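# Close look at the chain arrangement
Listed below, chain by chain, are the residues.
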Amino acid sequence: MPGDTLVVVKLDRLGRSTRDVLNLVHELEAKSAALRVLEPEIDTSKPEGRIILTTLSMVAEMELTFIKERQRAGIETTKAKGVYQGRKRTIDREAVQRLYRDGVGATEIARRLSIGRASVYKVLRADA
């Protein structure tokens, strides 16, 4: 509504990219509303607030890109050393297969093993 202000604690909770944040700010402005970020203090109802918001959004997006690049490089290094195995499996694949062979449906298998039905289908597809 006109005159309303959307308040968020941190800028990174608002959107996944600079474009997302700026699109949201544009939508708010079109509705005569404003955005206020508490940490760091930013208020888009003032001209300098919009500039600060844009700059910090770009820096946050760049930082996320750097983190992802370092993570990818670390995974590649450990894979090359034969150390990286990925996440440990948490689903008892033999139990899924045994229940399926016994004629139990996917929904019931998921319920009995406390897993998602999609996980049941994934195991059955991989082992087919």
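A brief report on the enclosed structure follows. (Residues numbered from 1 in each chain as written. Predicted model: local features only at pLDDT ≥ 70, side-chain atom pairs only at ≥ 80, totals over all residues. Heavy atoms only, no water.)

A separate point is the overall build of the protein. Each helix and strand counted, the protein has five helices and three strands in total. In the protein, the order of α-helices and β-strands from amino to carboxyl end is β-α-β-β-α-α-α-α. In terms of overall dimensions, the protein is more spread out than a globule: its C-alpha atoms have a radius of gyration of 24 Å, far above the 14 Å expected for 128 residues. Structurally, the protein occupies a C-alpha span of about 65 × 45 × 20 Å along its principal axes. The buried share of the protein, reckoned over its 128 residues, is 22%. (Helix = DSSP H or I, 4+ residues; strand = E, 2+ residues; numbered from the N terminus. Rg over C-alpha atoms; globule rule 2.2 N^0.38 Å. Buried < 20%, exposed > 50% of the residue type's maximum accessible area, 1.4 Å probe, protein only.)

The subject of this paragraph is a nonpolar patch on the surface. Taken together, the side chains of Val7, Val9 and Leu38 present a nonpolar region at the surface, about 230 Å² in accessible area. Following the sequence through the fold, Leu38 ends up in strand β2 (residues 34-39). Judged by relative accessible area, which is 35%, Leu38 ranks as partly exposed. (Patch = residues over 30% accessible without salt bridge, like charges linked within 9 Å, V, L, I, M, F, W, Y side chains within 5 Å. Areas by Shrake-Rupley, 256 points an atom, 1.4 Å probe, with all protein chains shown as cover. Salt bridge = Lys/Arg side-chain N within 4 Å of Asp/Glu carboxyl O.)

This part is about the packing of helix α4 (residues 106-113) against helix α5 (residues 117-126). It is at 8 Å that the axes of α4 and α5 come closest, and there the two elements cross at 110°. Judged on the interaxial angle alone, α5 and α4 are roughly perpendicular. Seen from above, α4 lies across α5 with right-handed handedness. Residues Ala106, Thr107, Ile109 and Ala110 of α4 pack against Arg117, Val120 and Tyr121 of α5. When the residues that make up the contact of α4 with α5 are grouped by side-chain class, the tally is five nonpolar, one polar and one charged. (Axes fitted to C-alpha atoms, helices over the stretch in contact; angles between N-to-C directions. Parallel < 35°, antiparallel > 145°, perpendicular 65-115°, else oblique. Left-handed = near helix turned anticlockwise from the far one by under 90°. Contact = heavy atoms within 4.5 Å. Nonpolar A, V, L, I, M, F, W, Y, C, P; charged D, E, K, R; others polar.)

On to the nonpolar core. Counting residues in each nonpolar core, the largest one holds eleven residues, listed as Val8, Leu11, Leu14, Val21, Val25, Leu28, Ala33, Leu35, Val37, Ile42 and Leu53. Looking at this core, the elements that each hand over two or more residues are α1 (18-30) and β2. In terms of residue count, the dominant contributor to this core is α1 (three residues). Once you skip the residues sitting within four places of it in the chain, Ala33 turns out to touch Met1, Asp4 and Leu28. In terms of nonpolar packing, the next biggest core, distinct from the first, is built from nine residues, Val104, Ala106, Ala110 and Val123 among them. (Core = buried A, V, L, I, M, F, W, Y, C linked by side-chain atoms within 4.5 Å.)

Attention now moves to a positive patch on the surface. On the surface, Arg87, Arg89, Lys122 and Arg125 cluster together into a positively charged patch. Inspection of the secondary structure puts Arg89 in the loop between α2 (47-80) and α3 (93-101). (Lys, Arg positive; Asp, Glu negative; His and termini not counted. Charge placed at Lys NZ, Arg CZ, Asp CG, Glu CD.)

Next up on the list: the side chain of Thr18. Along the chain, the position of Thr18 falls in helix α1. Of the polar contacts made by the side chain of Thr18, one reaches the side chain of Glu61; its length is 2.6 Å. Excluding residues that lie within four positions of it along the chain, Thr18 makes contacts with Thr54, Ser57, Met58 and Glu61. (Polar contact = N/O pair within 3.5 Å; in protein donor to acceptor, adjacent residues only side chain to side chain.)

In short, geometric facts, not functional conclusions.
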